[in-house]
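Structural characterization, general
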Amino acid sequence: MAFRQYTVGARMFGLALGSSMMITLFFPSIDIRNVTATESALDRQLQDGWDAGFNLTDPILKGWNKPVKVLMTKDPKTGAALPPGTYAYVYSAGTWFPSGIIHPVILGAGASDLTVQKGRVGEADNKAGAVFMVKHGMFEGQDYAYIEDVTATQGWMPEAVLSSAPEANVSHSGAGKTMFVREGCWWCHTLLPEETQDWQAFGVPPMLGDFNGASPTSFGSDRKAPDLLHVASRNSSREWMLMHFFNPRLVQPHSIMPRFDYLWGDKDASGKDIDFGKWRAEYDEYHEGKRDTPPDVPEPAKNSEIRELLDFMLSLK
Amino acid sequence: MFKYLFAKNEDIPTGSAAIYFGFSSIIWFVIGTGLGSFNAAKLGFPDFVTGSFVFAFGHMRQVHVMAVIFGWISMAFAMAMMYITPIIGNTKLWSEKLGLWNCFLWNVGLTLALTLMWTFGIESGREYSDFPWPIDLYIVFFILFPLALNVWMTIKNRRTQGIYTTNWFFAAATFMVAIVFLVGNSPEFFHLTGLTEAYLTWWFAHNVLGLWITPVAAAIAYYTIPKVTGNPLYSHRIGHLHFWSVVVFYSTPAAHHLMSAPLPEWLKSFASVEGVLILVPAIAFVSNILLTMQGKWHMFVENLEIKFTVTGVLMAIPLNMQGGFQQTRAINWYIHGTGWIVAHAHLALLGFSTFMEVAAVYLGMQTLMRRKLYSIALGNFHYWMLLIGFSTYWISMTIAGLIQGAGKIYEVPYIDVVVAEHPYMIARWIGGTMVFTGNIVWLYNMWMTARAGTVIPAGRQPHELAYER
């Protein structure tokens with residue numbers, strides 16, 4: 001039997017699908033590639049590190065292989081006082097660097113040039129560890145934010161930076177982003193105030209260059225709860241957030257958010273076992289009106305997952 | 001079925017792979033909708049099963065989505081391809097053995113992937129491409145590629161001169177879904193970041209629906225309706241229009257999922273216009289199928305497969321009216337990120353596509369097992385549980401979405417929106433539970449069909465026999 005070979009159809013199919021890919025993949029990639037990273041993008045990727053979703057350095061999403069962000073008050077080498085609001089991003093030995101350090105080209109024109117030339121990120125070595133800062137500089141007459149490897153430019157070593165700062169100034173927001181992804185916060189809370197509204201309630205929508213290096217962006221699509229991109233600007237109370245994470249109904253009786261008490265782990269800050277059964281029983285008594293006050297929320301341990309998530313929440317300014 | 005995995009290809013009874021896929025898909029449908037019902041209960045009653053890592057909403061939501069898309073829908077597609085492709089080509093399936101291995105590896109891989117996702121929270125952080133990249137590679141090379149190979153080789157070895165509409169879609173969609181998987185997950189393979197990652201996430205999410213689920217579901221209807229009614233397809237040409245407009249228009253509007261994100265404006269405008277053009281394949285498909293029904297509308301009441309298929313086709317009308325226009329800037333600003341979208345997604349997957357796949361599984365299982373459906377009463381119960389359960393879900397979520405939209409526009413304190421949505425969350429849970437209940441009954445009905453259904457005489461089709469119970 002003479003078969004129809006469909007040669008014309010097959011070629012037309014290739015042409016149609018190929019054109020569609022050209023328009024939806026290749027053309028946008030040219031535009032997106034030309035976007036220069038903003039200061040916010042540099043801050044975000046330096047505190048998040050390599051990747052917050054599944055990756056080979058953190059396959060079960062425990063927040064491994066993440067940098068910490070440190071609020072600096074004095075120079076770890078000279079001891080000289082630093083201006084308020086100086087932050088350093090500490091990558092201890094072995095911690096993977098984010099894309100902007102490995103491939104500065106993703107930072108876009110201006111930012112990538114300054115990052116390579118003045119920031120000297122090419123000298124950063126992840127086996128030895130490195131400390132980074134976000135700085136501002138002029139390139140071809142325009143001001144850009146860029147990344148500086150202060151281990152190379154000023155000789156700040158990761159251990160020295162960590163030991164020069166009190167514990168309260170160290171933020172584990174990078175590991176906290178992993179918790180945000182793993183716990184599925186983004187199934188209900190978006191990280192994207194919409195361009196068409198939301199300005200008053202949720203703050204300024206992000207700009208084109210605010211995402212270079214972010215992985216994953218985790219915008220979220222199904223908003224069953226308030227947007228969180230600027231949550232710490234609305235509410236920066238650590239106590240409120242702890243109560244809200246442990247049992248949201250403690251501070252917001254109508255909330256449908258799940259309890260995240262299991263992120264406290266087994267032990268509290270003083271090393272005592274947390275008795276969840278007792279807590280829930282006492283909370284139920286309070287709920288039924290048999291107690292005047294709810295039981296106290298345990299103070300989380302320094303290395304608990306909730307502390308990391310809390311640091312991430314408080315970093316969302 | 002396991003005994004045939006190592007049998008010689010010619011010793012394996014015809015239809016084994018399709019039957020294996022059929023039962024697997026029904027079981028995944030029960031699991032997927034059960035998880036959906038459980039998740040919905042948590043949204044209605046937040047302290048239902050609380051304080052547990054494994055049963056946290058954030059660890060189970062994506063398991064529901066992945067179980068229904070890659071367990072139920074895609075396996076039902078594979079089931080349909082395993083028996084429809086050879087029938088249309090007037091030949092046998094190229095390799096029953098490959099089909100059986102395909103189904104076996106599919107079940108193993110999906111079970112493993114969902115277990116990891118559920119018990120450890122392993123997650124890429126990218127909606128719809130939630131699986132970590134090693135699982136994505138497994139899906140491409142051990143699930144999609146063997147399926148595509150079997151479909152393509154069966155079509156190549158056909159004993160008909162031309163290729164019927166259904167098989168164009170099968171052959172093209174199995175190719176396109178592999179491309180979508182490989183390109184859409186490239187942010188994970190190559191660590192692409194930032195807006196590229198955000199855009200490719202939604203490029204994947206859009207195209208896995210547009211180039212896999214929608215065309216294959218439609219292809220099934222192109223087979224079921226002419227086969228059972230006995231009417232020839234109304235127009236082969238309109239079928240052409242449908243096919244080509246899917247390839248050209250449905251593959252391009254990915255950016256309309258990010259209309260309020262800072263993507264290049266030309267891209268959003270282009271995506272929005274292309275999104276409206278999705279109405280071209282949609283209208284071509286719906287009109288072609290409904291016109292094929294001419295003179296046979298009594299079967300919409302009398303025949304279970306026609307009832308399911310036509311219901312699915314009718315649901316394509318509101319689905320595409322929503323889909324075409326809700327992504328334009330004029331409407332998107334109001335409903336973006338609300339329950340409206342959740343309702344729309346369920347209209348596509350639980351309404352439009354599921355109803356057609358259910359028909360294909362009912363028809364294929366009877367044809368291949370040579371057994372008449374055990375009970376039409378249970379079949380009709382299944383139909384009405386699905387239809388009423390889905391409608392309850394869709395209506396309640398659409399209303400909830402409109403409330404959320406109003407709350408968003410008028411900047412109502414968010415907690416007031418949560419309070420206002422509460423009754424609809426309970427309605428959603430009731431609707432989802434009805435669907436789950438209907439599916440358990442379906443599994444029983446299919447099992448009893450295999451065990452106790454009346455044997456169909458040689459040369460007869462299942463729909464030619466009268467229902468007995």
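Our subject is the structure that appears above.
Attention in this report is confined to the structure presented alongside it. The written sequence of each chain sets the order in which its residues are numbered from 1. Working convention: letters from A go to chains and numbers from 1 go to ligands, in the order in which they are written. In keeping with the model being predicted, local features are shown solely for residues with a pLDDT of at least 70 and side-chain atom pairs are shown and tallied solely at 80 or more, while totals for entire chains, interfaces and linings include all residues. Side-chain measures were taken over the full set of non-hydrogen atoms in the model, leaving aside hydrogen atoms and water.

**Points about the overall build of chain B**
Helix and strand counts for chain B come out as 16 helices and zero strands. Values of the radius of gyration come from C-alpha atoms, whereas the globule rule sets the reference at 2.2 Å times the count of residues to the power 0.38. Whereas a compact globule of 469 residues would reach a radius of gyration of roughly 23 Å, chain B reaches 22 Å, a difference of no more than 12%. Projected onto the principal axes, the alpha-carbon positions of chain B cover approximately 65 × 50 × 45 Å. For chain B, with 469 residues in total, the buried portion stands at 65%. We call two residues contacting when some pair of their heavy atoms lies within 4.5 Å. Of the contacts formed within chain B by residues at least 6 apart in sequence, a portion of 83% connects residues at least 24 apart. With an accessible surface of roughly 15,500 Å², chain B has 72% of that area assigned to carbon and sulfur atoms. None of His or the chain ends enter the tally, which takes Lys and Arg as positive and Asp and Glu as negative. Charged side chains are reduced to one point each, which is NZ for Lys, CZ for Arg, CG for Asp and CD for Glu. In chain B, the 24 positive side-chain charges and the 20 negative ones have mean positions that sit 14 Å from each other. Helix and strand definitions follow DSSP, with helices as H or I runs of at least four residues and strands as E runs of at least two, each counted in order from the N terminus. We call a residue buried when its accessible area falls under 20% of the maximum for its residue type, exposed when it is over 50%, and partly exposed in between, using a 1.4 Å probe and counting protein chains only. Each accessible area is a Shrake-Rupley result for a 1.4 Å probe, and residues are judged covered by the shown protein chains and nothing else.

**Brief notes about the interface of chain A and chain B**
Across the boundary between the two partners, chain A contributes 76 residues, which contact 80 residues of chain B. As a working definition, buried area equals the accessible area (1.4 Å probe) given up by two parts on being put together, with both sides summed. For the pairing of chain A and chain B, the buried interface totals around 6,500 Å² over both sides, and the portion due to carbon and sulfur atoms is 66%. Whenever a carboxyl oxygen of Asp or Glu lies within 4 Å of a side-chain nitrogen of Lys or Arg, that contact is scored as a salt bridge. For the pair chain A and chain B, the interface holds five salt bridges. The partner of arginine 259 of chain A in a salt bridge is aspartate 47 of chain B, with the nearest N and O atoms 3.0 Å apart. Here a polar contact is recorded for every N or O atom pair within 3.5 Å, except that within protein the pair must consist of a potential hydrogen donor and a potential acceptor, and residues adjacent in sequence are included only if both atoms are side-chain atoms. At the boundary of chain A with chain B, the tally comes to 26 residue pairs in polar contact (both at pLDDT 80 or more).

**Description of the packing of helix α7 (residues 173-182) of chain A against helix α12 (residues 305-315) of chain A**
Residues and elements named next belong to chain A. Geometry is summarised by axes, namely lines fitted to C-alpha atoms with helices restricted to the contacting stretch, and by angles between N-to-C directions that run from 0 to 180 degrees. Following both chains from N to C, one finds α7 and α12 inclined at 100 degrees, their axes separated by 7 Å at the closest point. By the angle between their directions, the pair α7 and α12 is classed as roughly perpendicular. Residues Ser173, Ala175, Gly176, Lys177, Met179, Phe180 and Arg182 of α7 lie in contact with α12, whose contacting residues are Glu305, Glu308, Leu309, Asp311, Phe312, Met313 and Ser315. Classifying every residue of the contact of α7 with α12 by side-chain character gives six nonpolar, three polar and five charged. An angle below 35 degrees is read as roughly parallel, one above 145 as roughly antiparallel, one from 65 to 115 as roughly perpendicular, and any other as oblique. Following the grouping adopted for this structure description, the nonpolar residues are Ala, Val, Leu, Ile, Met, Phe, Trp, Tyr, Cys and Pro, the charged ones are Asp, Glu, Lys and Arg, and the polar ones are all others, Gly among them.

**Examining the packing of helix α5 (residues 165-184) of chain B against helix α7 (residues 194-229) of chain B**
All names here are of chain B. In the contact formed by α5 and α7, the axes pass within 9 Å of each other and the chain directions differ by 165 degrees. On the basis of the axis angle, α5 is roughly antiparallel to α7. Read as a crossing pair, α5 and α7 show a hand that is left-handed. Along the lines of polarity and charge, the residues of the contact of α5 with α7 split into 20 nonpolar, five polar and no charged. Note on convention: the crossing is left-handed when the near helix lies turned anticlockwise from the far helix by less than a right angle, right-handed when the turn is clockwise.

**Some points on the pattern of salt bridges**
One pass over the full model with this rule turns up 28 salt bridges over all chains. Ionic pairing is found between glutamate 195 of chain A and lysine 268 of chain B, a salt bridge with its closest N-O pair at 3.1 Å. Residue glutamate 195 of chain A is located in the loop between α7 and α8 (199-202), and its partner lysine 268 of chain B is located in helix α9 (residues 265-277); the two belong to separate chains. We classify glutamate 195 of chain A as partly exposed; its relative accessible area is 30%. We classify lysine 268 of chain B as buried; its relative accessible area is 0%. A single network of salt bridges, built from pairs that share partners, joins Lys62, Arg182, Glu183 and Glu305 of chain A.

**A look at the packing of aromatic side chains**
Aromatic pairing here means that ring centres of Phe, Tyr or Trp (its six-membered ring) are within 6.5 Å. Orientation follows from the plane angle: under 30 degrees is stacked, over 60 is edge-to-face, and everything else is tilted. Evaluated as defined, the whole model comprises 52 aromatic pairs over all chains. Note on phenylalanine 97 of chain A and phenylalanine 132 of chain A: the rings are 5.3 Å apart at their centroids and 85 degrees apart in plane angle, and the pair reads as edge-to-face. With phenylalanine 97 of chain A in the loop between β2 (81-91) and α3 (99-102) and phenylalanine 132 of chain A in strand β3 (residues 130-139), this residue pair connects regions lying 35 residues apart in the sequence. Residue classification places phenylalanine 132 of chain A among the buried residues on the basis of a relative accessible area of 0%. On the numbers, 5.9 Å between centres and 50 degrees between planes, the contact of phenylalanine 70 of chain B with phenylalanine 131 of chain B is tilted. Here the residue phenylalanine 70 of chain B occupies a position in helix α2 (residues 57-88), and phenylalanine 131 of chain B occupies one in the loop between α3 (96-120) and α4 (133-156), the gap between them amounting to 61 residues. Neither phenylalanine 70 of chain B nor phenylalanine 131 of chain B differs from the other in exposure class; each is buried.

**Description of the environment of lysine 156 of chain B**
All names here are of chain B. Considering the arrangement of structural elements, one finds lysine 156 in helix α4. A residue is classified by how much of its surface remains accessible, and lysine 156, at 59% relative accessible area, is exposed. C-alpha of lysine 156 to C-alpha of glycine 89: the two residues are 67 residues apart in sequence and 8.8 Å apart in space.

**A look at the pairing of β2 of chain A**
Put simply, side chains in a regular strand alternate between the two faces of the sheet. Residue and element names in this part refer to chain A. At least two DSSP bridges between two strands are needed for those strands to be called paired. When strand β1 (residues 68-74) meets β2, the two strands line up antiparallel, connected through six bridges. Residue methionine 72 lies in a different strand from β2, and its bridge partner there is threonine 86. Counting the residues between successive antiparallel strands, the hairpin from β1 to β2 contains six residues, one of them, glycine 79, with a positive phi of roughly 80 degrees. Looking at chain direction, β2 and β3 are connected through three bridges and run antiparallel.

**Remarks on α9 of chain B**
Relative to the 18 Å expected for 13 residues at 1.5 Å per residue, α9 of chain B spans 19 Å between its end C-alpha atoms, a close match to the ideal helical length. Among the residues making up α9 of chain B, those that are buried are Leu267, Lys268, Ala271, Ser272, Glu274 and Gly275 of chain B. Contact partners of the buried residues in α9 of chain B: α1 (7-33) of chain A together with α7, α8 (236-250), α12 (304-326) and α13 (329-335) of chain B. By this rule the span expected of a helix is its residue count minus one, scaled by 1.5 Å.

**Things to note about the state of the cysteines**
Any cysteine sulfur atom paired with another within 2.5 Å is treated as part of a disulfide. Inspection of the entire model under this criterion finds zero disulfides over all chains. Here cysteine 188 of chain A stays free of any disulfide, with the sulfur of cysteine 185 of chain A as its closest cysteine sulfur at 8.9 Å.

**Structural notes on the side chain of threonine 24 of chain A**
Inspection of the secondary structure assignment puts threonine 24 of chain A in helix α1. Its relative accessible area of 0% is what places threonine 24 of chain A among the buried residues. Beyond its immediate stretch of four places on either side in the chain, threonine 24 of chain A contacts Tyr199, Trp203, Ser251, Thr252 and Phe270 of chain B.

**A word on the side chain of threonine 190 of chain A**
Residues and elements named next belong to chain A. Looking at the secondary structure, you find threonine 190 in the loop between α7 and α8. A polar side-chain atom of threonine 190 sits 2.9 Å from a polar atom in the side chain of arginine 223. Each residue touching threonine 190, except ones within four places of it in the same chain, is listed here: Phe219, Gly220, Ser221, Arg223, Pro226, Asp227, Leu228 and Leu229.

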